[in-house]
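# Overview (structure and organization)
Each chain, letter by letter, is given below.
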Protein chains: 4
Amino acid sequence: MGKGRLEAFSDGVIAIIITIMVLEMKVPHGEYLDSIAPLWPVFLSYVLSFIIVAIYWNNHHHMLHSVKHVNGAVLWSNAHLLFWLSLMPFTTGWMGENHFAPLPVSIYGVDLLMCAIAYYILVHALIATHGRDSEFAARVGSDWKGKIPLVAYAAGIALAFVNVWISLALYAGVAAMWFIPDRRFER
Amino acid sequence: MGKGRLEAFSDGVIAIIITIMVLEMKVPHGEYLDSIAPLWPVFLSYVLSFIIVAIYWNNHHHMLHSVKHVNGAVLWSNAHLLFWLSLMPFTTGWMGENHFAPLPVSIYGVDLLMCAIAYYILVHALIATHGRDSEFAARVGSDWKGKIPLVAYAAGIALAFVNVWISLALYAGVAAMWFIPDRRFER
Amino acid sequence: MGKGRLEAFSDGVIAIIITIMVLEMKVPHGEYLDSIAPLWPVFLSYVLSFIIVAIYWNNHHHMLHSVKHVNGAVLWSNAHLLFWLSLMPFTTGWMGENHFAPLPVSIYGVDLLMCAIAYYILVHALIATHGRDSEFAARVGSDWKGKIPLVAYAAGIALAFVNVWISLALYAGVAAMWFIPDRRFER
Amino acid sequence: MGKGRLEAFSDGVIAIIITIMVLEMKVPHGEYLDSIAPLWPVFLSYVLSFIIVAIYWNNHHHMLHSVKHVNGAVLWSNAHLLFWLSLMPFTTGWMGENHFAPLPVSIYGVDLLMCAIAYYILVHALIATHGRDSEFAARVGSDWKGKIPLVAYAAGIALAFVNVWISLALYAGVAAMWFIPDRRFER
């Protein structure tokens, strides 16, 4: 089974997610600074989510490059990842509109955590398909870089009720860590 | 006539459908649990529809893989399928917003039934193109797996006025049955 | 200059246009038939536009298949076509929401006319690129099938103020005529 | 690392941006000319932005054609460009809804300036990847055509508070200058 259409479909869904997120930034009615100024938390949320979704696309792109074949388990693991990514416009919009209130920041973290778990499952579905001794499995290695986000996001979810800026720093920290494309899948 | 652009166009439309469905889940205004809690039926509807549309994509992907050539009848059968799929965001949103009321659940079933009929027509347009003795026709076989949804959805449409949970169980049951990618088109 | 990305970009834009049109069909608030019944003109408009946009995609698909090379003039003729197609969700929504009132039906015809003109320009930009003696030009031939819509749409625009059903019959008539994929570009 | 998926993802995002911009043109409620007439500034803004985004797609298409390989810096420079392009529906909608008021026209220019800067960075990331002596670098040359927009947009941002029509003329002037596809990357 070819991986071409899986890449094309994922590209399509991720491209749409990253673009419709901006639709949550509603055009304000007034023409002066005071009508656009209150949008800054929505804008900031959008910037953060744009970077995170772009990172997922980059890593997905790199990882699929090394993939030899896909099967039903991979298709569903991938659809599962796309599902949680597809909720990003919603969780981003809710967080932005409520100016980083505790619950929305925490729920945003839940979505990030589910994406990270889904990505982790996808990686392991691909390892299972290629075999533990495959070049693909060797490239993934111990996958500590895939485990750190799980811990950071879980902490962010809980700490949002203490101080949302700690949570946001954790979310941004994971993004910074993943900013550099995944070298494991480069040649 | 190449099938490449048919796949690309279908991928595009299905990717957009699956993603804009989430736009029906409107960002609530409040920042507390009581403003997000009433969204659970919308969320549940979205989960069900996401899985169903993903199944269509998976099966479409698999089936097109075995296709050798397409013609005008296939292009229109495919567009017909995409039409009914494109109504999913609407029927999903209506069902979710009305907390699984009888008529919306029934209408949702009508959309599912039309998608299933359209898929059935597409399969048979492809058989007609390839010939009854073709490898493609042999793979499809008796297509009982394509006939069960027709019966289940028709039952769901009627039974929604008795008890919506029977209908939803039927819709979910078809999804569960189709969850495993269609082996007929795997090698 | 390759035509691959032109096809991919056009596919993307047309796929999005055809899908976001359904967003003009707003989910109604009530759960009974009387809340969904008034949507029938919106639904009917959507069906007509879906078929028309699908025809454009089919013909574009077929024509590009025969194209050997593209240049700047072709890229802009294509973008011009996509521009008028991109207004379809707006003109469709306006016509549907106003239950086929004269002005919206007429403006809908203006959009259709501009699409037809843009397609005509695209065909002739492609002929200019390939040369009057090319196989491509021979296939296009006298292009009477591209000229009939121009006349029919112009008549529909004017006659909407007499009787909108004449206009809608003309629009639907052109769609019926073009329903069969363009045989000139089939082998 | 292949450039194919980078092209596909960029095509997807740009196709969505160009299409959802039209969603800012809300379907009016009345059926007469006086309900659609006030939309002319929104329509005009849409036309301008459609042309500008189409130009970016054309140039991106041409430039990527000459590209031999991409790396992490190129992926992020590209994502950075897509980010500022993704704000076009918002800035376009705000400018149109406020009938070309000074601040929205200026902010629209800020978005255009950021797109131009991002494109400039992308060009130079590609030069760095290919080497200063590469054919790609030779084709880019002194890149005066990439520097003029920076000056024109900066002037437009400031002059919007004097007279918005000067700014709009500058924005349209850059578009006119770039209307002809970038010959440096044609053969």
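For the structure itself, consult the block above.
Being a predicted model, the structure only gives us computed values, none of them experimental. Every chain is numbered on its own, with residues counted from 1 as its sequence reads. Think of it this way: whatever chain is written first is A, whatever ligand is written first is 1, and the rest follow in order. The model is predicted, so local features are restricted to residues of pLDDT at least 70 and side-chain atom pairs to those at 80 or more, both for listing and for counting; the totals for chains, interfaces and linings are taken over all residues. Remark: hydrogens and water are excluded; side-chain values derive from all non-hydrogen atoms of the structure.

The next thing to look at is the overall build of chain A. Each helix is a run of H or I in the DSSP string that is no shorter than four residues. Each strand is a run of E no shorter than two, and both are numbered from the N terminus. If you tally the helices and strands in chain A, you get nine helices and zero strands. The principal-axis extents of the C-alpha atoms in chain A amount to approximately 60 × 35 × 25 Å. Taking all 187 residues of chain A together, the buried fraction comes to 61%. By the convention used here, residues are in contact when the closest approach between their heavy atoms is within 4.5 Å. A separation of at least 24 residues holds for 80% of the contacts in chain A among residues at least 6 apart in sequence. Burial classification: accessible surface area is computed with a 1.4 Å probe over protein chains only, and a residue below 20% of its type maximum counts as buried, one above 50% as exposed, and the rest as partly exposed.

Let us now look at the pattern of salt bridges. Residues and elements named next belong to chain B. In the sections that follow, a salt bridge refers to a side-chain nitrogen of Lys or Arg positioned within 4 Å of a carboxyl oxygen of Asp or Glu. Enumeration over the complete set of coordinates arrives at four salt bridges over all chains. Residue E135 is joined to R139 by a salt bridge in which the shortest nitrogen-to-oxygen separation is 3.1 Å. Remark: R139 and E135 occur in helix α7 (residues 135-140); sequence separation between them is four residues, near one turn of the helix.

Right, let's get into helix α8 (residues 144-159) of chain C. All names here are of chain C. By this rule, a helix spans an expected 1.5 Å times one less than how many residues it contains. Along its 16 residues, α8 runs 23 Å from first to last C-alpha, staying within 8% of the 22 Å computed at 1.5 Å per residue. Those residues of α8 that fall on the buried side of the exposure criterion are K145, G146, P149, A152, Y153, G156 and I157. Relative to the axis of α8, the buried residues are bounded by an arc of 140° and lie together on one face. Projecting away from the buried face of α8 at angles above 90 degrees are the exposed residues W144 and V151. The elements touched by buried residues of α8 are α6 (102-130) and α9 (164-179). As used here, the arc is the angular range of directions from the helix axis to the C-beta atoms.

Further remarks concern the relation of the copies chain B and chain C. For the pair chain B and chain C, the best superposition has an RMSD of 0.0 Å and corresponds to a rotation of 90° with a translation of 0.0 Å parallel to the axis. Overall, the copies show the geometry of a four-fold rotation axis. Residue G12 of chain B, judged by its C-alpha, is the member of chain B lying nearest the rotation axis, at 4.4 Å. Least-squares superposition aligns the copies on the C-alpha atoms of those residues with pLDDT at or above 70 in both.

Listed as interface residues are 30 residues of chain B and, on the opposing side, 40 residues of chain C. Between chain B and chain C, the buried area comes to about 3000 Å², and carbon and sulfur atoms account for 74% of it. When residues of chain B are sorted by the area they lose upon contact with chain C, R5, F9 and W76 of chain B head the list and together hold 29% of the total. Counting across the interface, chain B meets chain C through zero salt bridges. Here a polar contact is recorded for every N or O atom pair within 3.5 Å, except that within protein the pair must consist of a potential hydrogen donor and a potential acceptor, and residues adjacent in sequence are included only if both atoms are side-chain atoms. Counting every contact that joins chain B to chain C gives four residue pairs in polar contact (both at pLDDT 80 or more). Secondary structure elements with two or more residues in the side of chain B that touches chain C: α1 (4-20), α4 (72-86), α5 (88-97) and α6 (102-130) of chain B. When residues of the side of chain B that touches chain C are assigned to their parent elements, the largest contribution, nine residues, is made by α1 of chain B. In this classification, Asp, Glu, Lys and Arg are treated as charged, Ala, Val, Leu, Ile, Met, Phe, Trp, Tyr, Cys and Pro as nonpolar, and every other residue, Gly included, as polar. Residues that form the side of chain B that touches chain C fall into these classes: 21 nonpolar, six polar and three charged. Note on definitions: buried area is the accessible-area loss of two parts on being combined, 1.4 Å probe, summed for both.

Opposite the 30 residues of chain A that make contact, chain B presents 40 residues. Interface area for chain A against chain B, summed over the two sides, is near 3000 Å², with a carbon-plus-sulfur share of 74%. The largest contributions to the chain A side of the interface with chain B come from R5, F9 and W76 of chain A, which together make up 29% of the buried area. Run the count over chain A and chain B and you get zero salt bridges. At the junction of chain A with chain B, the criterion picks out three residue pairs in polar contact (both at pLDDT 80 or more). Listing elements by their share of the side of chain A that touches chain B, those giving two or more residues are α1 (4-20), α4 (72-86), α5 (88-97) and α6 (102-130) of chain A. Per-element accounting of the side of chain A that touches chain B gives the leading share, nine residues, to α1 of chain A.

For the rest of this paragraph, the subject is the arrangement of the chains. Over all C-alpha pairs, chain A and chain C never come within contact, reaching a minimum spacing of 9 Å. In this view chain B stays clear of chain D, with the nearest C-alpha atoms of the two still 9 Å from each other.

Let us now look at the nonpolar core. Grouped together as the largest cluster of nonpolar side chains are 288 residues, with contacts concentrated most on L85 of chain A, L85 of chain B, L85 of chain C together with L85 of chain D. The contact partners of L85 of chain C, leaving out residues within four places of it in the chain, are I14, I17, Y56 and C115 of chain C. Buried residues of nine kinds, namely Ala, Val, Leu, Ile, Met, Phe, Trp, Tyr and Cys, make up a nonpolar core once their side-chain atoms join them within 4.5 Å.

In summary, the pairing rule links any two rings of Phe, Tyr or Trp, Trp by its six-membered ring, whose centres are within 6.5 Å, and it sorts them by plane angle into stacked for under 30 degrees, edge-to-face for over 60 and tilted for everything else. The final tally for this structure, using the stated rule, is 48 aromatic pairs over all chains. Ring geometry for F100 of chain A against W165 of chain A: centres 5.6 Å apart, planes inclined by 50°, an arrangement best described as tilted. Of this pair, F100 of chain A sits in the loop between α5 and α6 while W165 of chain A is found in helix α9 (residues 164-179), placing the two residues 65 residues apart along the sequence. Judged by its relative accessible area of 6%, F100 of chain A is buried. In this scheme, Lys NZ or Arg CZ marks a charge over a ring once it lies within 6 Å of the ring centre and within 35 degrees of the ring normal. Lying over the aromatic face of W178 of chain B, K145 of chain B brings its terminal NZ or CZ to 4.5 Å of the ring centre.

Moving on, we get to unusual backbone geometry. Phi is positive for H99 of chain A, which is not a glycine, with a value near 50°. By the secondary structure assignment, H99 of chain A is in the loop between α5 and α6. Assessed through its relative accessible area of 45%, H99 of chain A is described here as partly exposed. A positive phi is found at F100 of chain D, a non-glycine position, where the angle reads about 55°.

Let us now look at a positive patch on the surface. Every patch collects residues that have over 30% relative accessible area and no salt bridge, joining them within 9 Å if they carry like charges and within 5 Å if they are nonpolar side chains (Val, Leu, Ile, Met, Phe, Trp, Tyr). Per-residue accessibility takes into account occlusion by the displayed protein chains alone, with areas from the Shrake-Rupley method and a 1.4 Å probe. Residues scored as charged are limited to Lys and Arg (positive) and Asp and Glu (negative), so that His and the chain ends carry no count. Here the site of a charge means atom NZ of a Lys, CZ of an Arg, CG of an Asp or CD of a Glu. Judged by side-chain charge, K26 of chain A, K26 of chain B, K26 of chain C together with K26 of chain D come together as a positively charged surface patch. Here K26 of chain A lies in the loop between α1 and α2 (33-36).

Take the relation of the copies chain A and chain B next. Superposing chain A onto chain B requires a rotation of 90° together with a translation of 0.0 Å along the rotation axis, leaving an RMSD of 0.0 Å. An asymmetric contact is evident, with only 7% of the interface residues of chain A recurring at the interface of chain B.

Residue and element names in this part refer to chain C. Here V151 lies in helix α8. Given the relative accessible area of 59%, V151 is considered exposed. Residues V151 and L113 lie 38 residues apart in sequence; the distance between their C-alpha atoms is 8.7 Å.

Looking now at a nonpolar patch on the surface. On the surface, a cluster of nonpolar side chains totalling about 360 Å² of accessible area is made up of W40, L44 and W165 of chain A. Looking at the element boundaries, L44 of chain A is found in helix α3 (residues 40-66).

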